[in-house]
Amino acid sequence: MAAEVVLQVALLILTLTIFYTIHKLSKKALTKLRTNNRATLQATRHFVLGSQLLTRARSAPHKTQFHAKTALTEAEIALSLSPRDPGPHILKALALDLLGHRAAALRSLGQ
């Protein structure tokens, strides 16, 4: 009986030690991954926010200019963080088109 209790306590300590080690190692690995992809994540966040603002600009006729200008700003921020991503280029062109700058919109797609 006493041997079983000792064995169970030893297994509990071993299990807790393994759990703690895995928890610490995964935290270190995730931190390294997060810092490597930070610019991409920020660019995606700005792109999504700009897309939402552009959708609001198209659906709300009384605040079209404000939302379109803000979407254009978000697209430019996303472009500065990730210039090779085509999404922000398209978002910028759509925002410029909504603002009435069709030539600038075409130029932004050509970049």
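The structure under discussion appears in the preceding block.
Residues numbered from 1 in each chain as written. Predicted model: local features only at pLDDT ≥ 70, side-chain atom pairs only at ≥ 80, totals over all residues. Heavy atoms only, no water.

Overview of the side chain of Glu74
Then, number 1: Residue position: Glu74 is located in helix H3 (residues 64-81).
Then, number 2: We note that Glu74 is buried and unpaired, the nearest opposite charge coming from Arg45 at a distance of 6.5 Å.
Then, number 3: Leave out the neighbours within four places in its chain, and Glu74 touches His46, Leu49, Gly50 and Leu53. (Helix = DSSP H or I, 4+ residues; strand = E, 2+ residues; numbered from the N terminus. Buried < 20%, exposed > 50% of the residue type's maximum accessible area, 1.4 Å probe, protein only. Lys, Arg positive; Asp, Glu negative; His and termini not counted. Salt bridge = Lys/Arg side-chain N within 4 Å of Asp/Glu carboxyl O. Contact = heavy atoms within 4.5 Å.)

Points about the pattern of salt bridges
Then, number 1: Applying the stated rule across the entire model yields one salt bridge.
Then, number 2: For Arg102, the salt bridge identified is with Asp97, shortest N-O distance 3.5 Å.

What to know about the nonpolar core
The nonpolar side chains of a soluble globular protein tend to be buried, and buried together.
Then, number 1: Residues Leu54, Ala71, Leu72 and Ala95 are the most contacted members of the largest nonpolar core, which totals 13 residues.
Then, number 2: Mapped onto this core, the elements with two or more residues apiece are helix H2 (38-59), H3 and helix H4 (86-99).
Then, number 3: Here the element with the most residues in this core is H4; it accounts for five residues.
Then, number 4: Leu72 has contacts with Lys92, Ala95, Leu96 and Leu99, leaving out every residue within four places of it along the chain. (Core = buried A, V, L, I, M, F, W, Y, C linked by side-chain atoms within 4.5 Å.)

Quick word on the side chain of Thr64
Then, number 1: With respect to the element layout, Thr64 can be found in helix H3.
Then, number 2: When its relative accessible area of 18% is taken as the criterion, Thr64 is described as buried.
Then, number 3: Here Ala57 takes part through its backbone oxygen, which lies 3.3 Å from a polar atom of the side chain of Thr64.
Then, number 4: Excluding residues within four positions of it along the chain, Thr64 makes contact with Ala57 and Leu98. (Polar contact = N/O pair within 3.5 Å; in protein donor to acceptor, adjacent residues only side chain to side chain.)

Some points on the packing of H2 against H4
Two quantities define a packed helix pair, namely the angle between the axes and the distance from one axis to the other.
Then, number 1: At a closest axis distance of 10 Å, the pairing of H2 and H4 adopts a crossing angle of 25 degrees. Classified by the interaxial angle, the pair formed by H2 and H4 is roughly parallel. Between H2 and H4 lies a crossing of left-handed hand. Between H2 and H4, the contacting residues are Phe47, Gly50, Ser51, Leu54, Ala57 and Arg58 on the first element and Gly87, Pro88, Leu91, Leu94, Ala95 and Leu98 on the second.
Then, number 2: In the contact of H2 with H4, the residues fall into eight nonpolar, three polar and one charged. (Axes fitted to C-alpha atoms, helices over the stretch in contact; angles between N-to-C directions. Parallel < 35°, antiparallel > 145°, perpendicular 65-115°, else oblique. Left-handed = near helix turned anticlockwise from the far one by under 90°. Nonpolar A, V, L, I, M, F, W, Y, C, P; charged D, E, K, R; others polar.)

Re the environment of Ser108
Then, number 1: Here Ser108 is to be found in helix H5 (residues 102-110).
Then, number 2: With 15 residues separating them in the primary sequence, Ser108 and Ala93 have C-alpha atoms 6.0 Å apart.
Then, number 3: Once residues within four sequence positions are removed from consideration, Ser108 is found in contact with His89, Lys92, Ala93 and Leu96.
Then, number 4: In this structure the side chain of Ser108 is engaged in a polar contact, spanning 2.8 Å, whose partner is the backbone oxygen of Ala105.

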